[in-house]
Amino acid sequence: MFFSVANFFENIADGFIGRDDRWPSLSSPPVVLAAGATSTQSFNYTLPSSVLATTYLGNAVLWRGEFFNQGVYFDRGLFWVTLT
């Protein structure tokens, strides 16, 4: 999970390069799913004190890491975070 306008780019790497570094990136422990299965993942995230009260674009990326090869990118999602 990271914050940027990555959802507008064809290549997800372009969006990650332009991420908002004031927000820490977040990874989850590995999640294993059978074909057709669903799962829910929860996170604890501390908001950085250096960001202004406004709306930010967040990105979640679904990928599979490979220890001895390039990982596989599957999909991404966009979400909004509004700080007041």
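First, a word on scope: everything that follows refers to the structure included in this document. Counting starts from 1 at the beginning of each chain's written sequence and moves along it residue by residue. Given that the model is predicted, a residue must reach a pLDDT of at least 70 before its local features are reported, and side-chain atom pairs must reach 80 or more before they are shown or counted; all residues, however, enter totals for whole chains, interfaces and linings. Values shown for side chains rest on all heavy atoms present in the structure; no hydrogens or waters enter the calculation.

## Considerations on the overall build of the protein chain
Inference 1: Of the regular secondary structure elements, the protein chain holds one helix and three strands.
Inference 2: Numbered from the N terminus, helices here are DSSP runs of H or I no shorter than four residues, and strands are runs of E no shorter than two. Counting from the amino terminus, the protein chain carries its helices and strands in the arrangement β-α-β-β.
Inference 3: Buried means the residue's accessible area, taken with a 1.4 Å probe over protein chains only, is under 20% of the maximum for its type, while exposed means over 50%, and partly exposed covers the values in between. For the protein chain, the proportion of its 84 residues judged to be buried stands at 20%.
Inference 4: Within the protein chain, contacts between residues at least 6 apart in sequence are counted, and of these 50% link residues at least 24 apart.
Inference 5: Using a 1.4 Å probe, the Shrake-Rupley method yields the accessible areas, and only the shown protein chains count as cover for residues. Element-wise, carbon and sulfur atoms account for 57% of the exposed surface of the protein chain, whose accessible area totals about 6700 Å². Residues are treated as being in contact if the distance between any of their heavy atoms lies within 4.5 Å.

## Focus on the packing of aromatic side chains
Inference 1: Any two of the Phe, Tyr and Trp rings considered here, Trp counted by its six-membered ring, make a pair once their centres fall within 6.5 Å; the pair's planes then place it as stacked at under 30 degrees, edge-to-face at over 60, or tilted in between. Taken as a whole and judged by the stated rule, the model has four aromatic pairs.
Inference 2: Considering the side-chain rings of phenylalanine 3 and phenylalanine 79, the 5.9 Å spacing of their centres and the 80° angle between planes classify their relative orientation as edge-to-face. Here phenylalanine 3 is found in strand β1 (residues 2-3), whereas its partner phenylalanine 79 is found in strand β3 (residues 72-82), with 76 residues between them in sequence.
Inference 3: Note on phenylalanine 3: relative accessible area 4%, which makes it buried.
Inference 4: Their ring planes at 65° and their centres at 5.0 Å tell us that tryptophan 23 and tyrosine 56 sit as a pair that is edge-to-face. Highlighted residues: tryptophan 23 in the loop between α1 (12-17) and β2 (55-64) and tyrosine 56 in strand β2, separated in sequence by 33 residues.

## Observations regarding the nonpolar core
Inference 1: Listed in full, the six residues of the largest apolar core are Phe3, Trp23, Val51, Tyr56, Val81 and Leu83.
Inference 2: Sequence-distant contacts of tyrosine 56, that is, excluding residues within four places in its chain, are made with Phe3, Asp20, Arg22, Trp23, Val51, Phe79, Trp80, Val81 and Leu83. In this description, a nonpolar core means a group of buried Ala, Val, Leu, Ile, Met, Phe, Trp, Tyr and Cys residues linked to one another through side-chain atoms lying within 4.5 Å.

## Comments concerning the pairing of β2
Inference 1: For two strands to pair, DSSP has to find at least two bridges joining them. Relative to β2, β1 runs antiparallel, the two sharing two bridges. Note on β2: the bridge partner recorded for phenylalanine 3 is glycine 58.
Inference 2: In this structure, β2 lies alongside β3, joined through ten bridges in antiparallel fashion. Across the sheet, the residue bridging to asparagine 59 is leucine 78, located in β3.

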